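# Summary of structural features
If you want the building blocks of each chain, they are given just below.
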Amino acid sequence: MKKINASITAVGSFLPQTVLSNLDLEKIVDTNDEWITTRTGIKERRILDKGIGTSYMAINAAKAIIEEKKINPLEIDLVIVATITPDMHATATAAFVASKIGATNAFGFDINAACSGFLYGMSTASAFIESGRYKKILLIGADKMSSIVDYTDRNTCIIFGDGAGAVLMEPNNEGLGVQDEYLRSDGNNRDLLRIEAGGSQTPITVEAVNEKKHFIYQDGKNVFKHAVSNMADASEKIMTRNSLNNTDVNFLVAHQANKRIIDATSNRMGIVDEKVLMNIHRYGNTTAATIPLILSDYESKFKKGDNIIFASFGAGFTWGAMFLKWAYNH
Ligand code: UT7
């Protein structure tokens, strides 16, 4: 019997209309366009209106796929939402999304792995498909980072933005789709990038809020060092393990946290700039959404059989790389 691979068969995305530019941020915190551009590569990000949850973006990204591919939502088996900004705690945003898009035969759950959430989700969806258990899985990466960012903290507010991207994953019998993965985590460093309050260890209290512990905090310099070494290591490992050299790789689809981290990874892989896909200048770091947003922006460039390396690093720490053969021409 032929091996079943899990392939991406459609992509969709949603971005809020409101733009927060570097010039806007200059008016809010002590920063400037030149610093942000040279240190991160970011020029602007999108911000979702207050009072609207992450599910709004996830639903719209999912609908983009359903409408483009003319999919009957009743055929969807599973909806996975990778996010660290669920609509609310103790309910899965994915369950709400599934109901709202009419996927009433599906079950849904969230994955919390921060910036690596989409890669962990691809791994999970692939396992379900490769086993033959499910055939149509909607995987969405969505985050409303503006809901957890302190807009007086220049270490974080310049980086993050809001957005959502989605892919449909289905079985492939031609050997295309996910080929290999190298995923890792290290919880010993969780304090370097975290939201302290709101969990079981430190519930939300007036004191916690006054101390701004409900906002995202990061030790940027330290996170940067770990991100560079781990993302580059993972990408190199997956290339070596699959006997891929720099010309075999058609594209690098990396988490968009900082242009310098992506450059360090692509340098280690030895691939030319044209193969390194970026949109960080337009959206900033949208956490779980960066990778599917790249897929959505560059879908027309991909050809059937292209070798794509995915790479990510984020809070947890969580990181990894995946090797996928693209399954269709747009
Ligand atoms: O997606 C999840 C994973 N997250 C990441 O991968 C983020 C990793 N970290 C980073 O991307 C970078 O560390 C930052 C962009 C957050 C910061 O860049 P950096 O090059 O590491 O800056 P730094 O914190 O070392 O600060 C360098 C200088 C400092 O000034 P002095 O002490 O040299 O005078 C900072 O005070 O830049 C100053 N600085 C700023 N200046 C203008 C820090 N933030 C800003 C700012 N605007 N926003």
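All values reported here derive from a predicted model rather than from experimental measurement.

Taken together, 22 residues are adjacent to the ligand, and Thr 31, Arg 154, Lys 221, Asn 258 and Asn 285 come closest. Within the side chain of Arg 39, an N or O atom sits 2.8 Å from an oxygen atom of the ligand. A total of 940 Å² of accessible area belongs to the ligand in isolation, and the protein chains cover 75% of it. Listed by contribution, the elements that provide at least two residues to the shell around the ligand are helix H2 (33-40), helix H7 (220-241) and helix H8 (259-269). Sorting elements by how many residues they give to the shell around the ligand places H7 first, with four residues. A per-class count over the shell around the ligand returns nine nonpolar, eight polar and five charged. Counting contributing residues, the shell around the ligand receives three or more from each of domain 1 (5-176) and domain 2 (179-325).

Structurally, Thr 31 is set in the loop between helix H1 (22-26) and H2. Aside from chain neighbours lying at most four places away, what touches Thr 31 is Leu 25, Glu 26, Ile 36 and Ile 158.

Turning our attention to the pattern of salt bridges. For the coordinates displayed, the defined rule picks out 14 salt bridges. Among the charged side chains, a salt-bridge network with shared partners connects Arg 194, Glu 196, Glu 211 and Lys 213.

On to the nonpolar core. Ranked by internal contacts, the top residues of the largest apolar core, which has 44 residues, are Ile 216, Val 249, Leu 252, Met 269, Ile 309 and Phe 313. Those elements that provide at least two residues to this core are H7, strand S11 (251-254), H8, strand S13 (307-314) and strand S14 (318-325). No other element matches H7, which puts six residues into this core. Shared between two domains, this core takes at least three residues from each, and those domains are domain 1 (5-176) and domain 2 (179-325). Leaving out residues up to four positions away in the same chain, Val 249 has contacts with Met 239, Leu 244, Met 269, Ile 271, Lys 275, Asn 307 and Ile 309.

Most of S14 sits inside the fold, with seven of its eight residues counted as buried. Relative to S14, strand S8 (residues 177-185) runs antiparallel, the two sharing eight bridges. Paired with Val 178 across the two strands is Leu 324, which belongs to S14. Where S13 and S14 come together, eight bridges link them in antiparallel fashion. Note that in S14 the partner of Gly 314 across the bridge is Thr 318. In sequence, S13 turns back onto S14 through a hairpin of three residues, with Gly 316 there showing a positive phi of about 140°.

Within a beta sheet, neighbouring strands are joined by backbone hydrogen bonds and run either parallel or antiparallel to one another. The five strands are arranged S1-S7-S6-S4-S5 in an open sheet whose pairing can be described as mixed. If you trace the sheet from one side to the other, it starts and ends with strand S1 (5-14) and strand S5 (107-111), each paired once. Between one strand and the next, the sheet's axes are offset by a mean angle of 20°, whatever the strand orientation. Bridging between strand S4 (residues 78-82) and strand S6 (residues 137-144) involves five bridges; their strand directions are parallel. Note that in S6 the partner of Ile 80 across the bridge is Leu 139. The strands touched by helix H3 (residues 54-69) within the sheet are S1, S6 and strand S7 (162-172), with S1 carrying the most contacts at an inclination of about 115°. Here helix H5 (residues 117-130) sits on the sheet and contacts S1, S4, S5, S6 and S7; the angle it forms with S6, its principal contact strand, is near 165°.

With mixed pairing, the five strands of this open sheet are ordered in space as S8-S14-S13-S11-S12. The open sheet is flanked by S8 and strand S12 (276-277), the only strands paired with a single partner. Contacts from H5 reach S8, S13 and S14 within the one sheet, and its direction differs from that of S8 by about 130°. Here H8 sits on the sheet in contact with S11, S12 and S13, set at roughly 145° to S11.

Along its sequence, the protein is organised into domain 1 (5-176) and domain 2 (179-325). Relative placement of domain 1 and domain 2: their C-alpha centres are 14 Å apart. Between domain 1 and domain 2, roughly 3900 Å² of surface is buried when both sides are summed, and carbon and sulfur atoms account for 62% of that area. Sorting the residues of domain 1 by area buried against domain 2 places Cys 115, Leu 119 and Leu 176 first, and these three jointly supply 17% of that buried surface. On inspection of domain 1 and its partner domain 2, the count reaches two salt bridges. At the boundary of domain 1 with domain 2, the tally comes to 21 residue pairs in polar contact (both at pLDDT 80 or more). For the side of domain 1 that touches domain 2, the element with the highest residue contribution is S7, accounting for six residues. In the side of domain 1 that touches domain 2, the residues fall into 23 nonpolar, 18 polar and ten charged.

What counts, and at which threshold
Residues numbered from 1 in each chain as written. Predicted model: local features only at pLDDT ≥ 70, side-chain atom pairs only at ≥ 80, totals over all residues. Heavy atoms only, no water. Near = heavy atom within 4 Å. Polar contact = N/O pair within 3.5 Å; in protein donor to acceptor, adjacent residues only side chain to side chain. Areas by Shrake-Rupley, 256 points an atom, 1.4 Å probe, with all protein chains shown as cover. Helix = DSSP H or I, 4+ residues; strand = E, 2+ residues; numbered from the N terminus. Nonpolar A, V, L, I, M, F, W, Y, C, P; charged D, E, K, R; others polar. Domains from an automatic or database assignment. Contact = heavy atoms within 4.5 Å. Salt bridge = Lys/Arg side-chain N within 4 Å of Asp/Glu carboxyl O. Core = buried A, V, L, I, M, F, W, Y, C linked by side-chain atoms within 4.5 Å. Buried < 20%, exposed > 50% of the residue type's maximum accessible area, 1.4 Å probe, protein only. Pairing = 2+ DSSP bridges. Axes fitted to C-alpha atoms, helices over the stretch in contact; angles between N-to-C directions. Buried area = accessible area lost by both parts, 1.4 Å probe.

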